[in-house]
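Single-letter residue listing:
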Amino acid sequence: MADIAASMLAADPLRFGAEAKRALDAGVKRIHMDVMDGLFVPNLSFGQAFVKALHEAEPGAAQDVHLMVENPARYLSEFAEAGASFITVHQEATPHLQRALAQIRALGKKAGLALNPSTSLEGLKYLLDDIDLLLLMTVNPGFGGQKLIPAMLRKVADARELIGSRPIDLQVDGGVSTETAGALIRAGANWLVAGSAAFGAPDMAQALASMRGGS
Ligand code: DX5
Ligand code: ZN
């Protein structure tokens, strides 16, 4: 079993608030907010104003903010003030990673570390006491609707071995669907980010239940 965070990147942008509510009503436990700067990733998305507006509309919903931006330390306090519950930074974009993770916790938020598909798990060994969440990109970041990279299943299993039973969420992001959820959960993921497979499903609640149960 795993829990699901719905990626708002796949939501109808004209109905942002209603789409978040639709996902929460269908059973997602967290709202995943993909922030992109057009530098770290080739795409642009949305910023802290969206996190704030959503927090005001749905104060009980935990927002998991995935910062795909260069030098995310510049924005940590802004996203914390906007109402994020989790703030996740990429190793590849953050020169002083341990400091950024500590800053997130000092702001009273849960700290997440994200790794691109080709980034090794070596650094993670030294950061296990600094994180509440490990986000493994299972596609190259920047766009929704991509296919899961099969080699990432082995990486999820390797990360699970390193994490063991520590209270760290092992989250996978990209290409999660009813076809891939089972293998990801068996490899050790306990949080799945779902964008197109959630918002694009004919019956969102049913799709979530099937992904959560790994089938
Ligand atoms: C991609 C983002 C993902 C994306 C996932 O860079 O980090 O969160 O929305 O989209 P799907 O679930 O459609 O692969
Ligand atoms: Zn994401």
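Relevant structure appears above.
Read on for an overview of the structure. (Residues numbered from 1 in each chain as written. Chains lettered and ligands numbered in written order. Predicted model: local features only at pLDDT ≥ 70, side-chain atom pairs only at ≥ 80, totals over all residues. Heavy atoms only, no water.)

We now examine the overall build of the chain. In terms of regular secondary structure, the chain is built from 8 helices and 8 strands. Computed over the C-alpha atoms, the radius of gyration of the chain is 16 Å, within 12% of the 17 Å expected from 2.2 N^0.38 for a compact globule of 215 residues. Taken along its principal axes, the extent of the C-alpha atoms in the chain is 45 × 35 × 30 Å. Here the chain holds 215 residues, and the buried ones make up 53% of them. Long-range pairs, those at least 24 residues apart, make up 63% of the contacts in the chain with a sequence separation of at least 6. (Helix = DSSP H or I, 4+ residues; strand = E, 2+ residues; numbered from the N terminus. Rg over C-alpha atoms; globule rule 2.2 N^0.38 Å. Buried < 20%, exposed > 50% of the residue type's maximum accessible area, 1.4 Å probe, protein only. Contact = heavy atoms within 4.5 Å.)

Surrounding the zinc ion (ligand 2) are the protein donor atoms H32 (NE2), D34 (OD), H66 (ND1) and D173 (OD), at 2.0 to 2.3 Å. If you look at the zinc ion (ligand 2), its 6 donor atoms make angles of 70 to 170° with each other, and the shape they trace is octahedral. Along the chain, the residues that donate to the zinc ion (ligand 2) are spaced as H-x1-D-x31-H-x106-D. Taken together, the residues D34 in strand β2 (residues 30–36) and H66 in strand β3 (residues 62–68) connect sequence positions 32 residues apart. Of the two residues, D34 and H66, neither departs from the other in class, the shared state being buried. (Donors = N, O, S within 2.8 Å, 3.2 Å for Na, K, Ca; no water. Tetrahedral: all angles 85-135°; square planar, octahedral: opposite > 155°, others 65-115°.)

Time to look at the side chain of E19. By secondary structure assignment, the location of E19 is in helix α1 (residues 16–26). Among the residues examined, E19 registers a relative accessible area of 4% and is labelled buried. In terms of polar contacts, E19 uses its side chain to reach the backbone amide nitrogen of D12, at 2.9 Å. Each residue touching E19, except ones within four places of it in the same chain, is listed here: M8, A11, D12 and F199. (Polar contact = N/O pair within 3.5 Å; in protein donor to acceptor, adjacent residues only side chain to side chain.)

To continue, consider the layout of surface pockets. There is about 400 Å³ of room inside the largest pocket. G145, Q146, G174, G175 and S196 are the residues nearest the centre of the largest pocket, which is lined by 29 residues in total. Within the lining of the largest pocket, the residues separate by chemical class into 13 nonpolar, 12 polar and 4 charged. (1 Å grid on protein atoms, 1.4 Å probe; cavity = no way out; pocket = protein on both sides within 12 Å on 5 of 7 lines; lining within 4 Å. Points joined across faces, edges and corners; volume = space filled by probe spheres on them. Nonpolar A, V, L, I, M, F, W, Y, C, P; charged D, E, K, R; others polar.)

In this fold, D132 is placed in the loop between β5 (110–115) and β6 (133–137). For D132, a relative accessible area of 15% corresponds to the buried category. A distance of 3.0 Å separates the side chain of D132 from the side chain of R105, its partner in a polar contact. Once residues lying within four places of it in the same chain are set aside, the contact partners of D132 are R105, K109, K110, A111, P167, I168 and D169.

The subject of this paragraph is the pattern of salt bridges. Taken as a whole, this structure holds 8 salt bridges when the rule is applied. Measuring nitrogen to oxygen at the nearest pair gives 3.5 Å for the salt bridge that ties K29 to D3. Remark: D3 occurs in strand β1 (residues 3–7) and K29 occurs in the loop between α1 and β2; sequence separation between them is 26 residues. In this structure, D25 engages K21 in a salt bridge whose closest nitrogen and oxygen atoms are separated by 3.0 Å. (Salt bridge = Lys/Arg side-chain N within 4 Å of Asp/Glu carboxyl O.)

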